[in-house]
Every structure is written in C-alpha cells, then in structure tokens.
Amino acid sequence: MMNKKLRALIGPSILNSDLSKLYEESQKLLDNGADYLHLDVMDGHFVPNLTFGHPVVKCLRSKIKEAFFETHMMVSQPEQWIVPMAEAGVNQYTFHIEPITNVEEICRKIKENGMQVGLAIKPGTPVSEVEKYISIADMVLIMTVEPGFGGQKFMENQMLKVQHLRKHYPLLNIEVDGGVGPSTIECCANAGANMIVSGTAVIGAQDQANTINLLRTTVQQIIDKQ
Ligand code: DX5
Ligand code: ZN
C-alpha cells in the first residue's frame with residue numbers, strides 16, 4: 001500500500017527494556033514521543049532466542065488502548081499467530097518471508113483480520129525476494145542485524161536494499177531495525193528509510209524524548225528534501 005506522502009515514524013523496540021515493567025517502559029516511550037511500539041516476538045526456532053507472545057501483547061493492549069502496535073514476528077510459522085495477535089490488539093503484523101512459501105495467502109489472512117502487513121527480510125535475503133510482494137504489503141522491514149537480539153552492530157551494507165526499494169517505490173513504508181540510533185540514523189535516512197526501529201539507543205538514552213526527536217527530525221528533513 002503506497003502512502004500519499006511519506007512520514008518519519010519512530011517505533012522503539014522494547015526488547016532490551018526492563019520487561020518486568022513492560023507497561024511502564026512502553027508508556028514511557030509513548031510519553032517521550034514514540035509514534036508506535038515495535039514488539040519483538042521470537043519463537044526460539046526461527047531465531048535462537050525466545051521472548052513473548054499474544055498473551056503478553058493482549059495485557060499490554062488492555063493498558064495502552066490507542067498506540068499503534070507492530071509485532072515483529074521472528075517465528076517459523078507466522079500463519080499460526082495471525083488470529084491470536086489480531087485478537088490481542090495488534091495493528092501491524094510484520095513477518096519474515098524466509099520460513100514460508102505462501103506469502104500471498106498469509107498477507108491476505110492478516111488483512112482479513114484487520115491488521116496491516118509488514119514483510120521482513122534478514123540480512124542474507126536478497127531484496128528481490130520481497131520485491132515481488134510489494135503490491136500486497138503496507139511496509140517492508142530491512143533487518144540491519146541478524147534477528148534474535150538487541151544491542152548488535154548496525155550492518156551498513158543493508159542500505160543498498162533500502163536505496164533500491166526507495167528508488168523504485170518512492171511512497172513505500174520502509175523500516176530498518178537493528179543497531180539504529182543517533183550514530184547510524186543519517187545513513188538510514190539518506191538511504192530512504194522512513195520507519196525507524198531503535199531499541200538499545202532509545203531505551204538506554206539519558207533523554208529518551210530528545211533521542212526520539214533527533215531520529216525523527218533527521219529522517220523527516222531528508223524526506224522533505226525529496
Ligand atoms: C532484533 C530485533 C530488533 C532489536 C532492535 O532481532 O528485531 O527489533 O530489538 O534493538 P537494537 O536497536 O538494540 O538493535
Ligand atoms: Zn525487531
């Protein structure tokens with residue numbers, strides 16, 4: 001789905017926050033200007049780590065009624081969790097295309113359940129693999145680390161994929177995720193990303209509001225120059 005105009009949107013990842021205080025940490029990010037929450041769901045199969053699922057998301061939604069929730073589904077069977085996540089109150093269901101063969105069918109099911117579609121690819125996956133589904137997606141996520149953990153080093157070589165997509169799809173929502181923060185945001189913005197996931201850099205920031213604002217302003221300035 002193409003935007004009429006691109007907007008810089010900042011979606012902090014809560015993965016490296018104090019998950020014993022998930023609600024408080026999430027509300028704090030929103031109070032500090034986050035545009036949406038990026039919820040990292042890991043199944044211990046697709047990635048060598050395990051986080052949380054729809055029961056946790058449902059509890060979070062029961063306290064945070066309005067915010068936009070994006071779940072980043074790092075799971076081997078994304079189809080299995082569509083209905084539970086929709087019922088939990090997720091707005092955008094972003095899944096990896098690597099473990100499945102029926103991308104179109106899954107996209108259709110996500111939309112039938114009232115959620116937006118995000119398509120994610122790992123660093124080792126060519127952008128051509130996701131390009132063929134652009135017309136049925138609301139967003140493409142270009143991973144800038146190997147999925148599974150926060151706090152990893154940003155992979156600048158992934159910007160070639162972002163540049164390629166931005167060149168051919170000027171109004172597509174393009175998200176970057178992994179090692180993104182004040183020291184890497186220029187690179188992401190210049191390549192053409194407009195949806196920014198940042199975990200450690202925001203969660204650990206002295207001044208979260210200032211960091212979120214810096215990320216957004218940097219991206220919006222590039223968008224406005226286009
Ligand atoms: C990694 C997750 C990312 C990660 C981002 O698998 O998908 O969302 O939590 O955290 P940082 O910004 O610390 O790399
Ligand atoms: Zn993520």
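Each chain has its residues counted from 1, following the order in which its sequence is written. Going through the entries in the order they are written, you letter the chains from A and number the ligands from 1. Given that this is a predicted model, residues contribute local features only at a pLDDT of at least 70 and side-chain atom pairs are listed and counted only at 80 or more, while totals for whole chains, interfaces and linings are drawn from all residues. Where side-chain values are given, they derive from all heavy atoms of the structure, hydrogens and water being excluded.

1. Remarks on the overall build of the protein
Per the secondary structure count, the protein includes 9 helices and 8 strands. The globule rule puts the C-alpha radius of gyration for 226 residues at 17 Å, and the 16 Å found for the protein is close to it. Expressed as a percentage of the 226 residues in the protein, the buried residues total 54%. Contact definition: two residues touch when any of their heavy atoms are within 4.5 Å. Pairs at least 24 residues apart make up 65% of the contacts formed inside the protein by residues separated by at least 6 positions. Accessible areas in this description were obtained via Shrake-Rupley with a 1.4 Å probe; residue shielding takes into account the shown protein chains only. Just so you have it, the protein exposes about 10,000 Å², and 52% of that area is on carbon and sulfur atoms. Side-chain charges of the protein comprise 20 positive and 25 negative groups, with the mean position of each set lying 4 Å from the other. Put simply, DSSP H or I for four residues or longer makes a helix, DSSP E for two residues or longer makes a strand, and each gets a number counted from the N terminus. As defined in this context, the radius of gyration uses C-alpha atoms, and a globule is described by 2.2 Å times the residue total to the power 0.38. Relative accessibility thresholds used throughout: buried, under 20% of the residue-type maximum; exposed, over 50%; partly exposed, between the two (1.4 Å probe, protein chains only). Neither His nor the chain ends is counted toward charge; the positive residues are Lys and Arg and the negative residues Asp and Glu. In plain terms, the charge of a residue is placed at NZ if it is Lys, CZ if Arg, CG if Asp and CD if Glu.

2. A few points about the coordination of the zinc ion (ligand 2)
Each metal site lists N, O and S donors within 2.8 Å (3.2 Å for Na, K and Ca). With water left out of the atoms, a site can look as if it is missing ligands. Every protein donor of the zinc ion (ligand 2) is listed here as His-38 (NE2), Asp-40 (OD), His-72 (ND1) and Asp-177 (OD), and their distances to the metal cover 2.1 to 2.2 Å. Each label reflects the angles at the metal, where four donors whose angles all fall between 85 and 135 degrees are tetrahedral, four or six donors whose opposite pairs open beyond 155 degrees and whose other angles stay between 65 and 115 are square planar or octahedral respectively, and the rest are irregular. Viewed at the metal, the 6 donor atoms of the zinc ion (ligand 2) are separated by angles of 74 to 177°, and the geometry they form is octahedral. Its relative accessible area of 5% is what places Asp-40 among the buried residues. On the basis of relative accessibility, which here comes to 7%, the residue Asp-177 falls in the buried class.

3. Here's the deal with the packing of aromatic side chains
Stacked, edge-to-face and tilted are the three classes for Phe, Tyr and Trp ring pairs, Trp counted by its six-membered ring, which pair at centre distances within 6.5 Å; planes under 30 degrees apart are stacked, over 60 edge-to-face, the rest tilted. Applying the stated criterion across every chain yields a total of 1 aromatic pair. With a centroid separation of 6.3 Å and 85° between ring planes, the pair formed by Tyr-36 and Phe-68 is classed as edge-to-face. Here Tyr-36 is found in strand β2 (residues 36-42), whereas its partner Phe-68 is found in strand β3 (residues 68-74), with 32 residues between them in sequence. Judged by relative accessible area, Phe-68 falls into the partly exposed class, the value being 25%. In this structure, Arg-61 packs its charged tip against the face of Phe-69, placed 3.8 Å from the ring centre. In this scheme, the term charge over a ring applies when either NZ of a lysine or CZ of an arginine sits within 6 Å of the ring centre and within 35 degrees of the ring normal.

4. Points about the sheet that holds strand β6 (residues 139-143)
The 8 strands are arranged β1-β8-β7-β6-β5-β4-β3-β2 in an open sheet whose pairing can be described as parallel. Lying at the two open borders of the sheet, with one neighbouring strand each, are β1 (9-10) and β2. Axes here refer to lines fitted to C-alpha atoms; in helices the fit is confined to the stretch in contact. Angles between the N-to-C directions go from 0 to 180 degrees. Strands β2 and β3 of the sheet are contacted by helix α2 (residues 54-63), whose axis makes an angle of about 170° with β3. Contacts between helix α4 (residues 103-112) and the sheet are confined to β4 (92-96) and β5 (116-121), with β5 contributing the most and set at about 145° to the helix. When DSSP finds two or more bridges between two strands, those strands count as paired.

5. Observations regarding the site of ligand 1
Note on definitions. A residue lies near a molecule or strand when any single heavy atom of the residue is within 4 Å of it. Contacts to ligand 1 come from 20 residues, most closely from Gly-148, Asp-177, Gly-179, Gly-199 and Thr-200. Between ligand 1 and Ser-13, the relevant distance is 3.1 Å, taken from an oxygen atom to a side-chain nitrogen or oxygen of the residue. For the purposes of these results, a polar contact is taken to be a pair of N or O atoms within 3.5 Å, where, inside protein, one atom must be able to donate a hydrogen and its partner to accept one; residues adjacent in sequence count only when each atom of the pair is a side-chain atom. The contact in question runs from an oxygen atom of ligand 1 to an N or O atom on the side chain of Asp-40, over 2.8 Å. Of all the secondary structure elements, the ones that give two or more residues to the shell around ligand 1 are β2 and β3. Throughout this entry, Asp, Glu, Lys and Arg are counted as charged residues, while Ala, Val, Leu, Ile, Met, Phe, Trp, Tyr, Cys and Pro are counted as nonpolar. The remaining residues, Gly among them, count as polar. Among the residues making up the shell around ligand 1, the classes are represented as 7 nonpolar, 11 polar and 2 charged.

6. Let's talk about the pairing of β6
Within a regular strand, the side chains alternate between the two sheet faces. With 5 of its 5 residues buried, β6 lies for the most part within the structure. The side-chain alternation of β6 yields two buried faces, one formed by Met-139, Leu-141 and Met-143 and the other by Val-140 and Ile-142. The pairing of β5 with β6 spans 4 bridges and is parallel. In the sheet register, Ile-121 faces β6, and the bridge partner there is Ile-142. Note: β6 against strand β7 (residues 173-177), 5 bridges, orientation parallel.

7. Some thoughts on the environment of His-164
On the secondary structure map, His-164 appears in helix α6 (residues 159-168). Along the sequence, His-164 and Ser-128 sit 36 residues apart, while their C-alpha atoms lie 9.7 Å from each other. Other than its neighbours up to four places away in sequence, His-164 contacts Val-127 and Glu-131.

8. Remarks on the packing of helix α1 (residues 22-31) against α2
Between α1 and α2, whose axes approach to 10 Å, the crossing angle comes to 55°. Classed by the angle they form, the pair α1 and α2 counts as oblique. With respect to the hand of their crossing, α1 and α2 are arranged in right-handed fashion. Taking contact as the criterion, the partners of Leu-22, Tyr-23 and Ser-26 in α1 are, on α2, Val-56, Leu-60 and Lys-63. Here roughly perpendicular refers to angles of 65 to 115 degrees, roughly parallel to angles under 35, roughly antiparallel to angles over 145, and oblique to all remaining angles. Handedness of a crossing follows from how the near helix is turned relative to the far one, being left-handed for an anticlockwise turn of less than a right angle and right-handed for a clockwise one.

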